[in-house]
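So the chains spell out like this:
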Amino acid sequence: AQSVTQPDIHITVSEGASLELRCNYSYGATPYLFWYVQSPGQGLQLLLKYFSGDTLVQGIKGFEAEFKRSQSSFNLRKPSVHWSDAAEYFCAVGAWQAGTALIFGKGTTLSVSS
Amino acid sequence: DVKVTQSSRYLVKRTGEKVFLECVQDMDHENMFWYRQDPGLGLRLIYFSYDVKMKEKGDIPEGYSVSREKKERFSLILESASTNQTSMYLCASSPILSTYEQYFGPGTRLTVT
C-alpha cells in the first residue's frame, strides 16, 4: 500500500539558517509528489510538485525539493529560513490505486527561533 | 486563482445534532474531497466525489455522509454529531485531468460538546 512518512514531528531552526524537511514514500511506480504548507488556522497551500523530468523542483517562497528514486525520498529545502516560514508542512503522494486522492504524511511542524 | 470556500471557519454543535459543512469551488473542478485533520494524525480522507451525485468512501467514512447535487458544491453531513468528531475539516478540489494537485479551502474548526 502507498504511504508517506515524515520522520520529524517538530523541527526548530534559527532564522537565517538552512532547512531540510524529510519525506519518504512507499509506492511501486514513479509517484506524483507534493509539498504543502499550512499556516496556523489556515488551509493548505501548495509549495511545489514533482511529476517527472528534472528531479530538483523549485517552488514558491524560495523552497525547493529533490526527488531521489533510489532513496524513495522527496526532501524539502530552503537555504535561509524566515520567521514567516513557521508553519506545518505536509508531504503527499498521488497514486492510481487511491483514485484521485492524495496520501498525506502526518506533517512536520517548523518553529523558527530568532 | 482557484477559490475553495467553506461555509464556516468555526462551528460549535451539541452531541446528537445534525451538522452540515458546505464547500464551494469556483473553478469547475470535477473532483472534490473532504478531509479531517487531527494533531499527530495528519489529514485523513473522509469522502470524495468525482462527479455530480457520485461519491466514494475514503479512509474514515464512518459517521459521515456527503452530498453533491451541483458540480461546484460538496457537503459533508454528520448525521448525529459526537464529541470524537471534534476536528478541523478541510475541503479540497481538483480538475479531473490534473495529476492529483488539489486546492484547499481554509478549513472549518468543528467543536462538538
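In this text the structure is predicted, and so the values were computed from the model without any measurement.

Caption draft 1: Inspection of the overall build of chain B at higher detail. Within chain B, the secondary structure is distributed over zero helices and 11 strands. Secondary structure elements of chain B, listed N to C terminal, follow the sequence β-β-β-β-β-β-β-β-β-β-β. For chain B, the spread of C-alpha atoms along the three principal axes comes to 40 × 30 × 25 Å. Relative to its 113 residues, chain B shows a buried fraction of 47%. Roughly 5500 Å² of accessible area belongs to chain B as shown, and the carbon and sulfur atoms make up 51% of that amount. Side-chain charges of chain B comprise 15 positive and 15 negative groups, with the mean position of each set lying 7 Å from the other.

Caption draft 2: Up close: the packing of aromatic side chains. Considering all chains together, one arrives at 16 aromatic pairs over all chains under this definition. A centroid spacing of 5.4 Å and a plane angle of 80° characterise the contact between Tyr36(A) and Phe104(B), whose relative ring orientation is edge-to-face. With Tyr36(A) in strand 5 (residues 32-38) and Phe104(B) in strand 10 (residues 103-104), this residue pair bridges two chains. Accessibility classification places Tyr36(A) together with Phe104(B) in one group, the buried group. Taking 5.9 Å as the distance between ring centres and 25° as the angle between the ring planes, the aromatic pair formed by Phe33(B) and Phe48(B) counts as stacked.

Caption draft 3: Region of the structure containing the sheet that holds strand 7 (residues 64-70) of chain B. Residues and elements named next belong to chain B. If you walk across this open sheet you meet the four strands as 1-3-8-7, and the pairing is antiparallel. Two strands lie at the open edges of the sheet, namely strand 1 (4-6) and strand 7, each paired on one side alone. Looking at each pair of strands side by side, their axes are set apart by 20° on average, direction ignored. Where strand 3 (residues 19-25) meets strand 8 (residues 73-78), six bridges bridge the pair, whose relative direction is antiparallel. The residue of strand 8 that forms the bridge with valine 19 is leucine 78.

Caption draft 4: Inspection of the layout of surface pockets at higher detail. As a volume, the largest pocket reaches approximately 370 Å³. Surrounding the largest pocket, 22 residues form its lining, Gln38(A), Glu88(A), Thr109(A), Gln37(B) and Pro39(B) being those nearest its centre. Only strand 10 (87-94) and strand 12 (108-113) of chain A together with strand 4 (31-38) of chain B provide two or more residues apiece to the lining of the largest pocket. The dominant element in the lining of the largest pocket, judged by the number of residues it contributes, is strand 10 of chain A, at three residues. The class makeup of the residues in the lining of the largest pocket is eight nonpolar, 10 polar and four charged.

Caption draft 5: Region of interest: the environment of Gly107(A). Following the sequence through the fold, Gly107(A) ends up in the loop between strand 11 (102-104) and strand 12. When the C-alpha positions of Gly107(A) and Cys23(A) are compared, they lie 9.4 Å apart, and in sequence the two are 84 residues distant.

Caption draft 6: Quick peek at the nonpolar core. Residues and elements named next belong to chain A. Within the largest apolar cluster, 26 residues are counted, with the highest numbers of intra-cluster contacts made by Leu19, Trp35, Leu47, Leu48, Phe74, Leu76 and Tyr89. Examining the composition of this core, we find that four residues originate from one element, strand 10, more than from any other. For tyrosine 89, the contacting residues outside a window of four places in its chain are Gln6, Leu21, Trp35, Tyr36, Val37, Leu47, Phe63, Leu76, Gly107, Thr108 and Leu110.

Caption draft 7: The arrangement of the side chain of Ser94(B) in detail. Residue and element names in this part refer to chain B. When you line up the elements, serine 94 lands in strand 9 (residues 87-94). The buried category is assigned to serine 94, whose relative accessible area is 1%. Apart from residues lying up to four places away in sequence, serine 94 is in contact with His29, Glu30, Asn31, Phe33, Glu101 and Gln102.

Caption draft 8: Focus on the pattern of salt bridges. Tallying each qualifying case throughout the model produces 12 salt bridges over all chains. Lys71(B) is the salt-bridge partner of Glu30(B), the closest N and O atoms lying 3.5 Å from each other. Placement of the pair is Glu30(B) in the loop between strand 3 and strand 4 and Lys71(B) in the loop between strand 7 and strand 8, with a sequence separation of 41 residues. Relative accessible area serves as the criterion here: at 23%, Glu30(B) is assigned to the partly exposed category. Residues joined by salt bridges that share partners form a network here, namely Glu64(A), Glu66(A) and Arg77(A).

Calculation criteria
- Residues numbered from 1 in each chain as written.
- Chains lettered and ligands numbered in written order.
- Predicted model: local features only at pLDDT ≥ 70, side-chain atom pairs only at ≥ 80, totals over all residues.
- Heavy atoms only, no water.
- Helix = DSSP H or I, 4+ residues; strand = E, 2+ residues; numbered from the N terminus.
- Buried < 20%, exposed > 50% of the residue type's maximum accessible area, 1.4 Å probe, protein only.
- Areas by Shrake-Rupley, 256 points an atom, 1.4 Å probe, with all protein chains shown as cover.
- Lys, Arg positive; Asp, Glu negative; His and termini not counted.
- Charge placed at Lys NZ, Arg CZ, Asp CG, Glu CD.
- Phe/Tyr/Trp six-rings, centres within 6.5 Å; stacked < 30°, edge-to-face > 60°.
- Pairing = 2+ DSSP bridges.
- Axes fitted to C-alpha atoms, helices over the stretch in contact; angles between N-to-C directions.
- 1 Å grid on protein atoms, 1.4 Å probe; cavity = no way out; pocket = protein on both sides within 12 Å on 5 of 7 lines; lining within 4 Å.
- Points joined across faces, edges and corners; volume = space filled by probe spheres on them.
- Nonpolar A, V, L, I, M, F, W, Y, C, P; charged D, E, K, R; others polar.
- Core = buried A, V, L, I, M, F, W, Y, C linked by side-chain atoms within 4.5 Å.
- Contact = heavy atoms within 4.5 Å.
- Salt bridge = Lys/Arg side-chain N within 4 Å of Asp/Glu carboxyl O.

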